[in-house]
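Chains, contacts and geometry: an overview
Here are the chains, one letter per residue:
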Amino acid sequence: MQDSPPSGPLVVGVDVGGTKTHLRALAGDVIVADHVRSSAGWRPHDRAAAARRLTDLVREALPEGARPAALAVGAHACETPRQCAEIRDALRLSLGVPARVVGDAELLVPAAGLDEGVGLVAGTGSVAVGRLPGGDPVQVGGWGAVLGDEGGAAGLVREAARAVWAAHDRGEEPGALALGLLAAFGVPEVPALGAALEGASDVSAEWGRHAPAVFAAAAEDSALARSVIAEAGAALAALVARLAARGVPVDDVVVAGGTVLGQPALYEAFAAALADAVPGARPRPLTVPPVEGAVALARALL
């Protein structure tokens, strides 16, 4: 951080993720502020509270006397254009600068330096976003761990539990996947997994943190675990196929999220399924922080 106000237009990008919030401010190519904090307390459905939180963040992170020329935000759980526009309008009033607010997955394509394509996130949850040729945003997936989020960490654990229960109903002895889940949830037998899953107070987080047990079982040559991972990869590819069916350009699919990028078995399953479901679509792992996409969107406002 600099001690004096920077020269030249100051652009600010903010990535409000499900776990952490990352603000980056640049004057030209010089980073003026790079600040990470927890996303705890983020309430995108309360536009006033969301705008206050973002306004306070900008004022705290920038050097004294520095004023942004433009601001762009990728906001977790900002699920509709109307919701994002309401936060944007509140930000424009509070900061008095041009602003843009999009869902956080929409940062991936500009972060990769592209003008169009699909942003696919598979972390704790999963979602895919793109834009129609006319510019209208389209989002698919992202429905939460109880009903959706296939291919995300929590969805993997849910489907692994279902596979283990089905094997139990067939009379099979617990294999590597069942034993891994039992150890992860701290329960003595397969039927007890139901109460353990249902007792979670934060379903996505508490289920998702046990996803490594699925990949560990696959590494132990569990056919059941490998099947769960293959189905998760196919489910992620299906999100891209849904966007393609709705007219979204899908030649480039920018991929982010700790689960899909941190687990080669899932990424490989996704890439193989994508080649079958949407021939010609190119998966591109994101190699820079998503906040770079917010910075790019902010520059476009100047």
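The structure this text deals with has already been given above.
Residues numbered from 1 in each chain as written. Predicted model: local features only at pLDDT ≥ 70, side-chain atom pairs only at ≥ 80, totals over all residues. Heavy atoms only, no water.

1. Looking at the nonpolar core
By size, the foremost hydrophobic cluster in this structure holds 54 residues, and its most contacted members are Leu-177, Leu-181, Val-253 and Phe-270. Element by element, the count of residues in this core is highest for helix α9 (residues 223-245), at nine residues. Beyond its immediate stretch of four places on either side in the chain, Val-253 contacts Val-118, Leu-120, Val-240, Phe-270, Leu-274, Ala-281, Arg-282, Pro-283 and Arg-284. Core analysis: the next-biggest nonpolar cluster, separate from the first, contains 30 residues, Leu-10, Ala-25, Leu-62 and Ala-75 among them. (Core = buried A, V, L, I, M, F, W, Y, C linked by side-chain atoms within 4.5 Å. Buried < 20%, exposed > 50% of the residue type's maximum accessible area, 1.4 Å probe, protein only. Helix = DSSP H or I, 4+ residues; strand = E, 2+ residues; numbered from the N terminus. Contact = heavy atoms within 4.5 Å.)

2. Topic: the sheet that holds strand β1 (residues 10-16)
Sheet architecture is open: five strands sit in the order β3-β2-β1-β4-β5, paired in mixed fashion. Where the open sheet ends on each side, the last strands, each with one partner, are β3 (30-38) and β5 (99-103). Going from strand to strand, the sheet's axes swing by 10° on average, the running direction of each strand aside. Pairing of strand β2 (residues 20-27) with β3 involves eight bridges; the strand directions are antiparallel. Residue pairing in the sheet places Thr-21 in a bridge with Arg-37 of β3. Along the sheet face, helix α1 (residues 47-61) touches β1, β2, β3 and β4 (70-75) and points at about 130° away from the line of β3. (Pairing = 2+ DSSP bridges. Axes fitted to C-alpha atoms, helices over the stretch in contact; angles between N-to-C directions.)

3. Observations concerning the pairing of strand β9 (residues 252-256)
Most of β9 is tucked away: five of the five residues are buried. Side chains of β9 alternate between two faces, with Asp-252, Val-254 and Ala-256 and Val-253 and Val-255 buried alike. Sheet analysis places strand β6 (residues 118-122) next to β9, joined by four bridges and oriented parallel. Bridge assignment links Val-118 to a residue of β9, and that residue is Val-253.

4. Here we look at the sheet that holds β9
Spatially, five strands are ordered β8-β7-β6-β9-β10 in an open sheet, and the strand pairing comes out mixed. Each end of this open sheet is capped by a strand with a single partner; those strands are β8 (137-141) and β10 (282-285). Averaged over neighbouring strand pairs, the angle between their axes works out to 20° when direction is ignored. Each of β6, β7 (126-131), β8 and β9 touches α9; the most contacted strand, β7, lies at about 25° to it.

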